[in-house]
Amino acid sequence: MRLTVAASVLTALLWLPLSVQAQEQDWSVGAYIGKYYDTEPAGFLAGRAGFVDQHLYALTATKTVWRSATLPLSLELDGMLGVQSGVASLSEIAVAPALRWSGFPWNSTVHTSVSFAPLGVSYTSSVSPLERGQGGKGSQTLNWLFLEVALSSPSNKTNEFFARLHHRCAVYDLLNNYGANGEDFFTLGFRRRF
């Protein structure tokens, strides 16, 4: 039910008139989908990932809470609401502060930004079998980390496509010592800034 309400709100916001969106673009809403991979984000970036039949479908919203006066750097608060299906069915909700850097020399051709959220909170409705350690234990509440690359047209930065590595973990066993990596998804998405 909550996901249906969130999807309705997201759909309504995506259809806001462009004149409303042309002001300060401190908010965004979007959606992303992805597939589980069996290594941590560094392993994925190094090409050492195998994919598993577990999928994530998520809605996301961000609020820019700070912008540097001298650098192309901002701080956002990012929240997501998602569902997973495949090996297991469960829901996830997460929130994290994220730094966004948008100072790239090719931005006049393709506007690019990179966002990184190393410390957040993620809660799932149940412990995924993909997150259980050798003793069969796992945690519903874990750290949420993501790394994202976003692309948009330089003439219309309102609409943005992005790729995100979505990661849940115990922060090197600081949150628990069950011996499980958590969950990792490679996702693709779209957002609208307003």
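Description of the structure in this document.

Calculation rules
- Residues numbered from 1 in each chain as written.
- Predicted model: local features only at pLDDT ≥ 70, side-chain atom pairs only at ≥ 80, totals over all residues.
- Heavy atoms only, no water.
- Salt bridge = Lys/Arg side-chain N within 4 Å of Asp/Glu carboxyl O.
- Helix = DSSP H or I, 4+ residues; strand = E, 2+ residues; numbered from the N terminus.
- Buried < 20%, exposed > 50% of the residue type's maximum accessible area, 1.4 Å probe, protein only.
- Core = buried A, V, L, I, M, F, W, Y, C linked by side-chain atoms within 4.5 Å.
- Phe/Tyr/Trp six-rings, centres within 6.5 Å; stacked < 30°, edge-to-face > 60°.
- Lys NZ or Arg CZ within 6 Å of the ring centre and 35° of its normal.

Some thoughts on the pattern of salt bridges
Here's step 1: Summed over all chains, the structure comprises 11 salt bridges.
Here's step 2: The shortest N-O distance in the salt bridge between Glu148 and Arg100 comes to 2.9 Å. Here Glu148 is found in strand β7 (residues 141-153), whereas its partner Arg100 is found in strand β4 (residues 90-101), with 48 residues between them in sequence. When sorted by exposure, Glu148 lands in the same class as Arg100, which is buried.
Here's step 3: Note that Arg164 is salt-bridged to Glu148, the shortest N-O span being 2.8 Å.

Details of the nonpolar core
Here's step 1: Counting 14 residues, the largest nonpolar core has Tyr32, Leu56, Ala58, Met80, Ala117, Trp144 and Phe146 as its most contacted members.
Here's step 2: Going through the elements one at a time, β1 (27-37), β2 (51-67), β4 and β7 are the ones with two or more residues in this core.

Section: the packing of aromatic side chains
Here's step 1: According to the stated counting rule, one finds nine aromatic pairs in the structure shown.
Here's step 2: With 6.4 Å between their ring centres and 65 degrees between their planes, Tyr37 and Phe51 make a pair best called edge-to-face. You can see Tyr37 sitting in strand β1 and its partner Phe51 sitting in strand β2, a full 14 residues away along the chain.
Here's step 3: Relative to Phe146, the ring of Trp144 has its centre 5.0 Å away and its plane inclined at 50 degrees; by these criteria the two rings are tilted.
Here's step 4: One aromatic cluster is present, formed by Tyr37, Phe44, Phe51 and Phe186 through successive ring pairs.
Here's step 5: Residue placement shows Arg164 over the ring face of Phe146; its charged tip is 3.8 Å from the ring centre.
Here's step 6: In this structure, Arg191 is placed above the aromatic ring of Phe162, and the distance from its NZ or CZ to the ring centre is 4.1 Å.

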